[in-house]
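Given next are the chains, with one letter for each unit.
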Amino acid sequence: MIELNEGDAGLGRSAVSRYIQLATLFRRRIESGQWPVGQQTPTVDELALECGVARATIRQALGLVEAEGLIERFRAKGTFVKRRPQDLLWCGVETDWQGLLSSREGAEIEVLVDEKGGAPLVHHAIGQAGQTYRRLRRRHSMNGQAFLLADIYVDERVASKLSDADLRTKTALRLVSGVAGVKIAEAQQTLTIGTADIETAQLLGLPLNAPICHVTRSAVDQRGRLVLVSNGIYRGDVVRVDIRLK
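In this text, all values refer to a predicted model and were calculated from it rather than measured experimentally. (Residues numbered from 1 in each chain as written. Predicted model: local features only at pLDDT ≥ 70, side-chain atom pairs only at ≥ 80, totals over all residues. Heavy atoms only, no water.)

(A) View of the overall build of the chain. Each helix and strand counted, the chain has eight helices and eleven strands in total. Per-residue burial over the chain gives 43% buried out of 246 residues. Working note: accessible area of the chain is about 13,300 Å², and carbon and sulfur atoms make up 48% of it. (Helix = DSSP H or I, 4+ residues; strand = E, 2+ residues; numbered from the N terminus. Buried < 20%, exposed > 50% of the residue type's maximum accessible area, 1.4 Å probe, protein only. Areas by Shrake-Rupley, 256 points an atom, 1.4 Å probe, with all protein chains shown as cover.)

Below is the structure:
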């Protein structure tokens, strides 16, 4: 049986519901190949005994994994692995300047929020902050599937020069680097791993507590002004980070 405090499932005294923790465990077993594609998974009774939880909790967990398209459940036949999560790894997070400026081919950008505000609500460590920023919340999709939710803060002096077409087609750094009179002198990117809260899960079509990748970017112009701060949230099941080592 899996120990609920420190075993394989990691089911401790967490605020996260046990069925969500178990869904993460089952997802990891599929990803690692422990549950191979095309093979039948253990039965609900077997999983309930192994994990020390009620059968209903196992069904809830399997329901989340099924909603992601990783398994298929058949009455009287059982549950079978349909595919691995890696099969969807198609969204690369760029780590070089040219890549960060390039738009993803075939991606659509939807502007959810466009408003004036104060200082960015995202931590930044470079440049001198301006007085007012324009806040944009944008959702990026590919083939009808949302893969990125981004909050972007652009210095109002730069944002006033942007067109509606710019907001729907350009990457965050391209928004500021393409403005006349603005030269990016310094930029910083930070990646962290987290889990989806309720709002993020809804906007990206993810289960609650699903893995996500936070990508925070800051850019400073030739005068030392912080002209851009952005926080992008990528779906963890489609993102890949490649870093070339020199």
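(B) A look at unusual backbone geometry. With a phi close to 75°, Ala76 is a non-glycine residue in the positive phi region. For Ala76, the position within the fold is in the loop between strand 1 (71–74) and strand 2 (78–81). The backbone of Asn143 sits at a positive phi, close to 55°, despite the residue not being glycine. The residue Asn143 is located in the loop between strand 6 (133–142) and strand 7 (145–155) in this model.

(C) Quick look at the pairing of strand 2. Strand direction decides the pairing type here: strand 1 and strand 2, joined by four bridges, are antiparallel. Among the inter-strand pairings, Arg73 is bridged to a residue of strand 2, identified as Thr79. Here strand 1 folds back onto strand 2 in antiparallel fashion, the turn holding three residues, of which Ala76 has a positive phi close to 75°. (Pairing = 2+ DSSP bridges.)

(D) The environment of Val215, seen in detail. With respect to the element layout, Val215 can be found in strand 9 (residues 211–221). Here the alpha-carbon distance between Val215 and Gly232, two residues 17 residues apart in the chain, equals 5.0 Å.

(E) Local environment of the side chain of Asp221. Within the secondary structure, Asp221 is located in strand 9. Here the side chain of Asp221 touches Arg225 through a polar contact of 2.9 Å, landing on its backbone nitrogen. Once you skip the residues sitting within four places of it in the chain, Asp221 turns out to touch Val182, Lys183, Ile184, Ala185 and Val227. (Polar contact = N/O pair within 3.5 Å; in protein donor to acceptor, adjacent residues only side chain to side chain. Contact = heavy atoms within 4.5 Å.)

(F) Representation of the packing of helix 2 (residues 44–51) against helix 3 (residues 55–67) within the structure. Their axes nearest at 9 Å, the elements helix 2 and helix 3 cross at an angle of 110°. With respect to helix 3, the axis of helix 2 lies roughly perpendicular. Here Val44, Asp45, Leu47, Ala48 and Cys51 of helix 2 come into contact with helix 3, specifically with Arg55, Ile58, Arg59 and Leu62. Split into classes, the residues belonging to the contact of helix 2 with helix 3 amount to six nonpolar, no polar and three charged. (Axes fitted to C-alpha atoms, helices over the stretch in contact; angles between N-to-C directions. Parallel < 35°, antiparallel > 145°, perpendicular 65-115°, else oblique. Nonpolar A, V, L, I, M, F, W, Y, C, P; charged D, E, K, R; others polar.)

(G) Fine view of a nonpolar patch on the surface. Together, Leu191, Val241 and Ile243 give the surface a local cluster of nonpolar side chains, amounting to about 240 Å² of exposed area. Following the sequence through the fold, Ile243 ends up in the segment after strand 11 (239–241). (Patch = residues over 30% accessible without salt bridge, like charges linked within 9 Å, V, L, I, M, F, W, Y side chains within 5 Å. Salt bridge = Lys/Arg side-chain N within 4 Å of Asp/Glu carboxyl O.)

(H) Inspection of the packing of aromatic side chains at higher detail. Taken as a whole and judged by the stated rule, the model has two aromatic pairs. Where Phe74 meets Phe80, the ring centres are 6.1 Å apart and the plane angle is 65°; that geometry is what we call edge-to-face. Its guanidinium or amino end placed over the ring of Phe74, Lys77 lies 5.1 Å from that ring's centre, counting from NZ or CZ. (Phe/Tyr/Trp six-rings, centres within 6.5 Å; stacked < 30°, edge-to-face > 60°. Lys NZ or Arg CZ within 6 Å of the ring centre and 35° of its normal.)

Spatial relationships are all this shows, so hold off on functional conclusions.
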